[in-house]
Each structure stands twice: as structure tokens, then as C-alpha cells.
Amino acid sequence: MTQPFVHPHGICETLQVGAGTRIWAFAHVLPGARIGSDCNICDHVFIENKVVIGDRVTIKSGVQLWDEVTLEDDVFVGPNATFTNNPMPRSKEYPAEHSKTLVRRGASIGANSTILPGLVIGPRAMVGAGAVVTRSVPANAIVVGNPAKIVGYVDTADFNHSQPAATVAAAAGGPVRATGVRGVTLHELKCVQDMRGSLSVGEFGPDIPFEVKRYFLVYDVPSVEIRGEHAHRECGQFLVAVRGSVHVVADDGQRREQFVLDRPGLGLHLPPMTWGIQYRYTPDAMLLVLASHAYDPADYVRDYEQFLALARTA
């Protein structure tokens, strides 16, 4: 294990620095800060007392980390990113306690972005350069702009349902197609069109792969809002955009894909223990969700880290 390195022109007042960490010129670390192993603290970085930094964190030049900012393992902070810890700052007026900001493991904060106080940046989330983050960012989300909005999720691409895909079962209305996410399938439902209008139909059993105990409709969702962000322990779901379009992310804990539901003849089956997210609703979108179980609050897994732990043991 190598000892931490402090450049001759750097100031490191804390003794809590892990092995292999490098602190470069003109950086200043106050006595109460805690810094993990194998970190890279670049020139002109300031780190206040009540700051906790995990292992293998990179902090580029021009960043200030104020009291109550925590960076977990493997976080990247780009040049001149700005953190804050007081929502209503006044000169010479000090709050009883500062707002806590948490950047979870593996997240990346882009250059010149601004993180407002009291937020959580989720695991492996990515904040684009220059973004102004005014609300917490979910795990794996990509946010850009001012105010920052979710524009995608890491490690996903739109599933091109217009192209041939492996047919895993024959359905009455059309093929059922495999995806890269465990148990998640796309269903082409039967559609009938004539001069009187169009009709889309699915049969319970051949098309919807469970007995339906409940349904709900999601509509009038502002385009910036995110729905879902949870998994179910026992309940399966079948999603159809009966109007407009919705982007759906499905995650089994190892693989993640994004799907576009943009017509009533296309259904998406999410089996139990699938982390589901719905976002980028068009203004006219209406999402029909069929569920295999009645509503049970205990069936929900709402913390992504807990979901990953459960998925590993499934």
C-alpha cells in the first residue's frame, strides 16, 4: 500500500487520507475532511471539514466541496463543478446545520455543473456539463440543461421494435419477442383496421401472460416527470400505451434496456423483480398497466440498492 502523496504546493491538514491518494498543487484540505484510497484531487480544489470522500474518487481542478457533501466510491467530478450547502445563504448569517448532499457510487458530475443543496445524485447517474441540478437524480439517469431534466439512462438504447427479434412464443395476436432483460418480453397485439376505425385486442392467457387482478391508467404526466422507479417482489405488469408514447426502462439488476411504447398494438411484459421506469411521456400519452396482483405496499421495492441486493440472491 502506497502512502498518500501531497504536492509541495498543496495543503492537506487532515490525517484521514487513504493509501495511494494524490493531492496536487494549490489544493487545500481542511482538518476534519475524510478522504479514501486511490483518489485524485487535482489543482485548486478546496475541501471543507465535514466532507466525506470514498475510494477511487476523481475531483478535477476548480472544485469546492463544502460541509456536508459526501462523495461515495468511484465518483467523478468534472472541472469547476459547483456544490452548495445552504439554500438561502446570507453573508455572516450561518445556518444551524447545512443541507446534506450525497453523490452515490459511480456517479459522474460534468464540468461547470451546479448541484443545489440537499440533493441525492443516484448510483451511476450522469450529470451533463453545465447542468443546473435542482432535484435529486435517480440511479443511472442522464440529466442535462437548466433546470436539469432526464434525457436518458446509462447503458440503454431504444429497443427497435420495428426490426426482427427472436420470437420466444406464439401468441394469438402476434409474436412475443425476447429482450436482453431477464423475463421481459415485447408483445405484438392483434390490430384490426377498416373504414370504421381501428381496434387493438389482447386475450388473457395467449397475449397477457398472467391472470389480471388490477389495472390502472397513467395520463396527464408532465414531460419532465418520471413514473415507476421501483420493482415488485411478486407482481407482474403488462404495459400498453393506448395513446401517445412513453419510454420504459427495464432493469433486471445486470442488464438494462429502454423501450418505446408508441401504439396500442404493442405491449411490454415486466415480470416480478424487474426495476421499471417510465418517462418522456408525450402530452397526450395514456399508459394502461395490467397487474397480476392487487395493490400491496409491501410488494414494492423502492430503493435501487436494495433491489440490486435482492436481485443478486434471486
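All of these numbers come straight from a predicted model, not from anything done at the bench. (Residues numbered from 1 in each chain as written. Predicted model: local features only at pLDDT ≥ 70, side-chain atom pairs only at ≥ 80, totals over all residues. Heavy atoms only, no water.)

Colleague: Is there a simple way to explain the pattern of salt bridges in this structure?
Modeller: Oppositely charged side chains can pair when the atoms bearing their charge come close. Under the criterion given, the structure shown has 13 salt bridges. Put simply, Asp74 and Arg56 hold a salt bridge, and the shortest N to O gap is 2.7 Å. With Asp74 in the loop between β11 (69–71) and β12 (76–77) and Arg56 in the loop between β8 (51–53) and β9 (58–59), the pair connects residues that are 18 residues apart, well separated along the chain. (Salt bridge = Lys/Arg side-chain N within 4 Å of Asp/Glu carboxyl O. Helix = DSSP H or I, 4+ residues; strand = E, 2+ residues; numbered from the N terminus.)

Colleague: What's the story with the sheet that holds strand β5 (residues 34–35) in this structure? I'm lost.
Modeller: Pairing between the strands of a sheet comes from backbone hydrogen bonds, and it takes one of two forms, parallel or antiparallel. One open sheet accounts for five strands, arranged β5-β8-β11-β14-β17; its pairing is parallel. At either margin of the open sheet sits one strand with a lone partner, and together these are β5 and β17 (120–121). Here β5 runs beside β8; their pairing, made up of two bridges, is parallel. Following the sheet pairing, Ile35 is matched in β8 by Ile53. (Pairing = 2+ DSSP bridges.)

Colleague: For this particular structure, what's the right way to read the packing of aromatic side chains?
Modeller: Ring pairs (aromatic) are described by centroid distance and by the angle formed between their planes. Applying the stated criterion across every chain yields a total of seven aromatic pairs. Aromatic side chains Trp275 and Tyr304 sit 5.2 Å apart centroid to centroid with 75 degrees between the ring planes, which places their arrangement in the edge-to-face category. With a gap of 29 residues between them, Trp275 in strand β34 (residues 275–279) and Tyr304 in helix α1 (residues 304–313) connect regions that are remote in the sequence. For the pair Trp275 and Tyr304, a shared accessibility class is recorded, and that class is buried. Put simply, the rings of Trp275, Tyr304 and Phe307 pair up and form one aromatic cluster. (Phe/Tyr/Trp six-rings, centres within 6.5 Å; stacked < 30°, edge-to-face > 60°. Buried < 20%, exposed > 50% of the residue type's maximum accessible area, 1.4 Å probe, protein only.)

Colleague: Which parts of the structure should I look at to understand the environment of Leu217?
Modeller: Within the secondary structure, Leu217 is located in strand β28 (residues 214–219). We classify Leu217 as partly exposed; its relative accessible area is 38%. Excluding its chain neighbours within four sequence positions, the residues that come into contact with Leu217 are Met286, Leu287 and Leu288. (Contact = heavy atoms within 4.5 Å.)

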